[in-house]
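Structure at a glance
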Amino acid sequence: MEYRTPPNNELVSGEIALDLGMLRTTFERSSDVVFREFQLGDTQAAVMIFLDGMVDPLIVDSDIMQPLLKYGEQMQQKSGVSLTGLESLLKNQVITASQVNTGGQIQDVIDHILVGDTVLLIDGVNKALFISARGWGKRAVEEPATEAVIRGPREGFTEDLLTNITLIRRRLRTPQLKIEGMQLGRLSKTDVAITYLEGIADEAVIEEVRKRMNRIDIDAILESGYVEELIEDSPFSIFPQINYTERPDRIVGNLLEGKVGILIDNTPFALILPVTFFEMMQASEDYYQRYIVSTLIRLLRYMFLVIALLLPSLYIALLTFHQEMLPTSLLLSAAASREAVPFPAIVEALLMEISFEALREAGVRLPRPVGQAVSIVGALVIGEAAVSAGIVSAPMVIIVSITGIASFIVPSYSQAITIRLLRFPMMIMAGTLGLYGVLLGVLFILIHMSRLRSFGVPYLSPLAPLHASDLKDVLIRVPWWGMVRRSTETAKNNPRRMKGTLRPRPPKRGG
Amino acid sequence: MLDRGKINARQAGFLMFTFLLGSASVIVPSSAASFAKQDGWLTIIFAALIGIAVVLIFTNLGLLFPEQSIIQYSEIILGKWIGKIVGFLYVLYPFYSGALVIGIFRDYVTVTALPGTPAIIVSGSMLAVVAYAIRGGIETLGRVNELILPFRQLIVLLIIVLLITDFKWNHLLPILGDGIVPVMKGSISAASIPFGETIVFAMLLPNISNIRKVRRSYIFAVLLGGLMLTMSVLSAILVLGPSVVARLNYPAHEIIKYIEKMGFLTDMDTLGMTLWISSGFMKIAIFYYCAAVGLAQWCRLSDYRSVVIPIGVLIFIFSIAAYGNLIEDAVFLGTIWPFFSFPFVILLPLLMLIIAKIRRLGGKRAGE
């Protein structure tokens with residue numbers, strides 16, 4: 001059955017029976033809509049409409065219902081209720097809830113009911129009062145599950161947009177922090193907020209974000225992934241061009257670099273853009289730990305990024321085409337362990353890697369206790385049995401395990417899964433053209449990344465194109481007193497972050 | 001301008017540096033040593049001086065017409081008909097050189113790393129990746145090169161450091177024992193490949209954002225590229241001796257086999273192959289790009305991307321036809337190519353520069 005929208009521009013008539021009838025038709029078969037009818041004084045019929053479960057009953061009782069009934073009583077004793085200007089009188093003097101608005105259109109009434117406001121209609125008054133007494137079950141602010149840290153704040157975003165905005169606002173107490181609200185989704189009417197620091201973020205980028213967001217016309221936005229795929233630059237690329245995070249401190253750190261955040265109601269994942277490849281290799285903790293440790297950890301990450309992408313294909317290439325490159329003893333032991341294996345290295349590797357991916361996927365989807373059982377059975381038992389049965393060689397198990405661990409070292413999950421997927425074409429290149437094929441594959445990936453842009457920022461900056469001053473925060477992380485300037489690509493307007501003389505020095509001796 | 005992408009002078013200089021190392025670091029040591037024996041490394045120094053002259057000629061010419069490529073301003077300088085013919089020569093030159101380089105690398109890879117693989121698979125897959133890069137425009141080439149260059153040069157330096165224990169310094173003696181003539185002969189060969197080939201960068205001038213700085217960064221690129229080439233010739237001669245170097249096809253490749261440290265770092269020559277492929281890749285890409293953009297400009301097309309695939313197929317076929325085998329090519333490059341390329345590299349640009357000066361053409365920005 002086609003849904004019948006109420007006629008546009010229909011006004012609140014002021015005749016309560018008529019308005020109520022229309023609303024009841026609109027909300028028929030919606031058991032969560034509550035129509036609370038009562039009398040204002042002795043004569044004036046009134047009705048309060050709200051969604052059960054989306055309002056806080058305590059606020060409705062104490063801040064709306066009680067003052068209204070008391071007011072009705074008082075008026076009754078004096079001279080009866082006068083209808084002219086009643087709605088502003090109620091708004092200004094009676095109802096104690098903090099946010100009250102008035103409106104005259106039925107469509108407004110419906111919208112306000114649906115977002116969780118309490119709507120008050122009074123017979124004889126052709127205006128409706130929209131009283132905000134929202135309150136629903138929310139998850140508490142918890143430690144984010146996907147971005148755990150050893151050192152750093154333990155707060156993560158929740159599914160509630162306002163809570164998330166608060167978490168950001170508490171970290172940036174400045175009017176420069178702008179939060180532009182909008183609604184996306186014809187049916188879902190999801191609240192979305194574009195947030196940035198005025199004066200730091202590039203106006204052109206913000207305008208581009210607004211433009212791309214306004215293009216979106218879809219039935220519903222259920223997760224930030226919808227928005228990501230609808231606004232990214234190269235929709236056919238395997239690389240993520242927009243970062244996401246659950247951590248308010250991370251998004252604030254990015255806002256300070258001149259980036260733009262997009263918060264979406266009903267999901268704890270906020271989008272960060274524009275983003276570069278190298279930013280996805282950074283964890284928020286890098287900036288909280290001591291800089292030498294962070295630098296070493298970053299180098300480790302890049303090393304294992306290369307391993308995650310290339311180790312199986314290098315192994316295949318060496319075993320298939322370039323055996324002379326292996327040291328003799330290693331070659332002998334590799335050959336000995338492969339003696340019983342019936343497959344060529346490429347088939348063996350593909351077999352193992354695909355089963356590893358399957359194990360990982362099974363572990364994610366299954367309930368936690370079962371998931372552990374699957375990974376133990378899969379990794380230990382099958383791996384061990386496969387080696388002793390002579391189906392795969394022991395070195396291949398080692399290679400696949402190291403590669404698996406390496407792929408989890410990449411902080412951004414979407415980046416990690418990209419690298420893991422790219423491993424497969426690389427393995428096929430290695431199996432067909434050896435090291436030459438691996439090299440062509442790497443060149444192809446680099447060319448592809450060089451062609452990408454995220455909201456105008458080259459994906460491989462600041463390495464290509466080179467911005468020498470930004471190298472302080474790519475492969476290494478300089479101490480905080482060295483981070484004098486913000487990144488060149490996103491914060492051209494306001495590059496200076498701090499005084500240039502913050503390096504602590506011991507006081508001079510003597511005196 | 002067909003490719004609206006812009007690179008800065010530094011990126012252009014980096015491109016030229018990689019371009020100079022491209023195929024030359026593989027083949028030049030052998031030809032240098034065959035001409036000048038133990039003085040082979042000196043040939044590069046003279047060749048680099050010729051390279052600087054080439055750069056000066058084409059940048060002086062290009063700066064007169066900063067928003068046009070050599071194919072476009074040749075028509076202004078030489079008139080419509082002769083200009084068209086000269087312009088077409090500058091489409092053919094990178095096309096032919098590109099096919100030659102693809103041929104060199106195809107043989108190099110099949111000989112050293114993939115003996116059982118059909119040669120056309122090697123060149124075809126390489127050209128496919130290059131074509132993808134070229135469709136991304138000059139920006140993509142500049143960025144990829146900028147990204148790879150530091151890592152590649154670090155490994156090259158590491159290789160040279162690891163080879164130091166194998167250097168036998170008396171291989172260099174006697175210095176100039178046969179006089180200067182063989183050095184001069186050798187430097188003519190080295191001047192045509194790679195230094196003369198830099199003429200194709202005349203095609204890229206309109207795409208450079210800070211064009212006034214470009215001459216300096218090109219000269220730096222020639223000097224540094226010359227230095228790196230000198231080092232590669234020098235280390236080949238120091239390790240193997242001039243007579244062996246002259247007889248080998250890929251001496252720079254062979255010397256890596258001499259690295260033997262801790263019983264673990266042995267036979268790394270295939271790794272060396274990946275280094276030269278990554279620079280040769282850029283060289284092929286630049287030739288291919290110049291041929292594609294040049295043809296599009298010559299035909300006055302609105303976009304060069306439509307000719308990328310056809311040019312690639314032609315280069316692929318031509319590289320099979322024109323490039324027979326190693327020996328044939330070594331003779332061709334050593335004896336015929338220097339004279340064949342001389343008009344493209346020096347004669348025509350110099351002529352155009354003189355005519356432009358006499359006719360007082362250019363020097364103004366377009367639209368003024």
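Cut-offs and rules
Residues numbered from 1 in each chain as written. Chains lettered and ligands numbered in written order. Predicted model: local features only at pLDDT ≥ 70, side-chain atom pairs only at ≥ 80, totals over all residues. Heavy atoms only, no water. Pairing = 2+ DSSP bridges. Helix = DSSP H or I, 4+ residues; strand = E, 2+ residues; numbered from the N terminus. Axes fitted to C-alpha atoms, helices over the stretch in contact; angles between N-to-C directions. Contact = heavy atoms within 4.5 Å. Buried area = accessible area lost by both parts, 1.4 Å probe. Salt bridge = Lys/Arg side-chain N within 4 Å of Asp/Glu carboxyl O. Polar contact = N/O pair within 3.5 Å; in protein donor to acceptor, adjacent residues only side chain to side chain. Nonpolar A, V, L, I, M, F, W, Y, C, P; charged D, E, K, R; others polar. Patch = residues over 30% accessible without salt bridge, like charges linked within 9 Å, V, L, I, M, F, W, Y side chains within 5 Å. Areas by Shrake-Rupley, 256 points an atom, 1.4 Å probe, with all protein chains shown as cover. Buried < 20%, exposed > 50% of the residue type's maximum accessible area, 1.4 Å probe, protein only. Core = buried A, V, L, I, M, F, W, Y, C linked by side-chain atoms within 4.5 Å. UniProt positions renumbered as here; feature names shortened; annotations may be inferred. 1 Å grid on protein atoms, 1.4 Å probe; cavity = no way out; pocket = protein on both sides within 12 Å on 5 of 7 lines; lining within 4 Å. Points joined across faces, edges and corners; volume = space filled by probe spheres on them. Expected span 1.5 Å × (residues − 1). Phe/Tyr/Trp six-rings, centres within 6.5 Å; stacked < 30°, edge-to-face > 60°. Lys NZ or Arg CZ within 6 Å of the ring centre and 35° of its normal. Domains from an automatic or database assignment. pLDDT = per-residue confidence, 0-100.

Some remarks on the sheet that holds strand β6 (residues 177–184) of chain A
Residues and elements named next belong to chain A. Pairing within the open sheet is antiparallel, and its five strands lie in the order β6-β7-β9-β10-β8. Here the strands that pair on one side only, and so sit at the sheet edges, are β6 and β8 (243–245). Strand-to-strand, the axes of this sheet are offset by a mean angle of 25°, without reference to chain direction. The sheet contact formed by strand β9 (residues 260–264) and strand β10 (residues 270–273) spans three bridges and is antiparallel. Bridged to Val-260 within β10 is Leu-273. Sheet strands touched by helix α7 (residues 224–231): β6, β8, β9 and β10. Its angle to β10, the strand with the most contacts, is close to 25°.

Remarks on the interface of chain A and chain B
Interface size is often expressed as the accessible area that is lost when the parts come together. Listed by partner, the interface residues are 25 residues for chain A and 34 residues for chain B. Among the residues of chain A in contact with chain B, Tyr436(A), Ile447(A) and Arg451(A) are the three that bury the most area, contributing 23% of the side total. Taken together, the links from chain A to chain B amount to one salt bridge. Where chain A touches chain B, the interface holds six residue pairs in polar contact (both at pLDDT 80 or more). With 13 residues, helix α14 (residues 413–451) of chain A is the largest single contributor of residues to the side of chain A that touches chain B. Taken together, the residues of the side of chain A that touches chain B sort by class into 18 nonpolar, four polar and three charged.

A closer look at a nonpolar patch on the surface
Residue and element names in this part refer to chain B. Nonpolar side chains collect at one region of the surface, where Leu-173, Ile-175, Leu-176, Ile-180, Val-181 and Met-184 lie side by side and expose about 530 Å² of accessible area between them. Along the chain, Leu-176 turns up in the loop between α7 (137–163) and α8 (181–192). Note on Leu-176: relative accessible area 36%, which makes it partly exposed.

Points about the nonpolar core
Membership of the largest hydrophobic core comes to 197 residues, with the highest contact counts inside it found for Tyr436(A), Phe58(B), Phe201(B) and Tyr218(B). Looking at this core element by element, the count peaks at 18 residues for α14(A). Excluding anything up to four places from it in sequence, Tyr218(B) contacts Ala12(B), Gly13(B), Met16(B), Val55(B), Phe58(B), Thr59(B), Phe201(B), Leu205(B) and Ile208(B). Core analysis: the second largest hydrophobic core is formed by 24 residues, Leu86(A), Val94(A), Val100(A) and Ala133(A) among them.

Thoughts on the UniProt feature "transmembrane region" (unreviewed entry) in chain A
All names here are of chain A. Following the UniProt record, one finds the feature "transmembrane region" (unreviewed entry) at residues 299–321, 380–410 and 422–447. For residues 380–410, the helix share is 74%, the strand share is 0%, and the end-to-end C-alpha distance is 24 Å. Structurally, residues 422–447 comprises 100% helix and 0% strand, and the distance from its first C-alpha atom to its last is 14 Å.

Here's the deal with empty space enclosed by the protein
Residue and element names in this part refer to chain B. If you walk through the whole model with that rule in mind, you get two cavities of 30 Å³ or more. Computed from the structure, the largest cavity encloses a volume of approximately 230 Å³. Forming the walls of the largest cavity are 18 residues, and the residues nearest its centre are Ser-25, Val-156, Met-228, Ser-232 and Trp-276. The set of elements that each furnish at least two residues to the lining of the largest cavity consists of α7, α9 (214–240), α11 (251–256) and α12 (269–298). Per element, the largest residue contribution to the lining of the largest cavity is six residues, and it comes from α7. Classifying every residue of the lining of the largest cavity by side-chain character gives twelve nonpolar, five polar and one charged.

A short note on α12(B)
Residues and elements named next belong to chain B. A rise of 1.5 Å per residue sets the reference length of α12, with its 30 residues, at 44 Å; its end C-alpha atoms lie 42 Å apart and thus fit the reference within 8%. Within α12, 27 of the 30 residues are buried, which leaves the element mostly enclosed by the surrounding structure. Positive phi shows up at Arg-300, right after α12, with a value of about 55°.

Some words on the environment of Leu204(B)
All names here are of chain B. Summarising the element assignment, Leu-204 is placed in the loop between α8 and α9. Relative accessible area serves as the criterion here: at 1%, Leu-204 is assigned to the buried category. Linking Leu-204 and Cys-290, residues 86 residues apart in sequence, is a C-alpha distance of 7.7 Å.

Considerations on the sheet that holds strand β3 (residues 100–103) of chain A
Residues and elements named next belong to chain A. Taken in spatial order, the five strands of this open sheet run β1-β2-β4-β5-β3, and their pairing is antiparallel. The two strands at the open ends of the sheet, each matched to only one other strand, are β1 (33–40) and β3. On average, each strand axis in the sheet is tilted by 25° relative to the strand beside it, whichever way the strands run. Direction of pairing for strand β2 (residues 44–51) relative to strand β4 (residues 118–122): antiparallel, over a ladder of four bridges. For Ile-49, the partnering residue across the bridge sits in β4 and is Val-119.

Examining the packing of aromatic side chains
Residues and elements named next belong to chain B. For the structure on display, the rule yields 28 aromatic pairs over all chains. With 5.6 Å between their ring centres and 80° between their planes, Phe-201 and Tyr-218 make a pair best called edge-to-face. Remark: Tyr-218 occurs in helix α9 and Phe-201 occurs in the loop between α8 and α9; sequence separation between them is 17 residues. Summarising the burial analysis for this pair, Phe-201 and Tyr-218 share the class buried. Put simply, the rings of Tyr-90, Tyr-93, Phe-95, Tyr-96, Phe-318, Phe-332, Trp-337, Phe-340 and Phe-344 pair up and form one aromatic cluster. Over the face of the ring belonging to Phe-19 we find Lys-283, whose NZ or CZ atom lies 5.2 Å from the ring centre.

Here we look at the domain arrangement of chain A
Residues and elements named next belong to chain A. One can read the domain layout of chain A as domain 1 (16–131), domain 2 (161–275) and domain 3 (291–458). A straight line from the C-alpha centre of domain 2 to that of domain 3 covers 34 Å. Each side of the interface is counted separately: domain 2 has 18 residues, and domain 3 has 16 residues. When domain 2 packs against domain 3, close to 1400 Å² is buried across both sides, 69% of that on carbon and sulfur atoms. On inspection of domain 2 and its partner domain 3, the count reaches zero salt bridges. Connecting domain 2 to domain 3 are five residue pairs in polar contact (both at pLDDT 80 or more). Mapped by element, the contributors of at least two residues to the side of domain 2 that touches domain 3 are α6 (203–215) and β8.

A closer look at unusual backbone geometry
The linkage connecting Leu273(A) with the following residue, Pro274(A), adopts the cis geometry, with an omega of -10°. Within the secondary structure layout, Pro274(A) lies in the loop between β10 and α9 (291–320). Omega for the peptide link from Ala464(A) to Pro465(A) comes to 0°, which places this bond in the cis form. When you line up the elements, Pro465(A) lands in the segment after β12 (457–458). In this model, Arg300(B) sits at a positive phi of 55°, which is unusual for a non-glycine residue. In this fold, Arg300(B) is placed in the loop between α12 and α13 (308–322). Given a relative accessible area of 60%, Arg300(B) falls into the exposed group.

Re the confidence of the model for chain A
On average, residues of chain A score 88 in pLDDT, and 97% of them reach the 70 mark or higher. Per-element averaging of pLDDT across chain A places helix α12 (residues 368–388) of chain A at the bottom with 78 and β9(A) at the top with 95.

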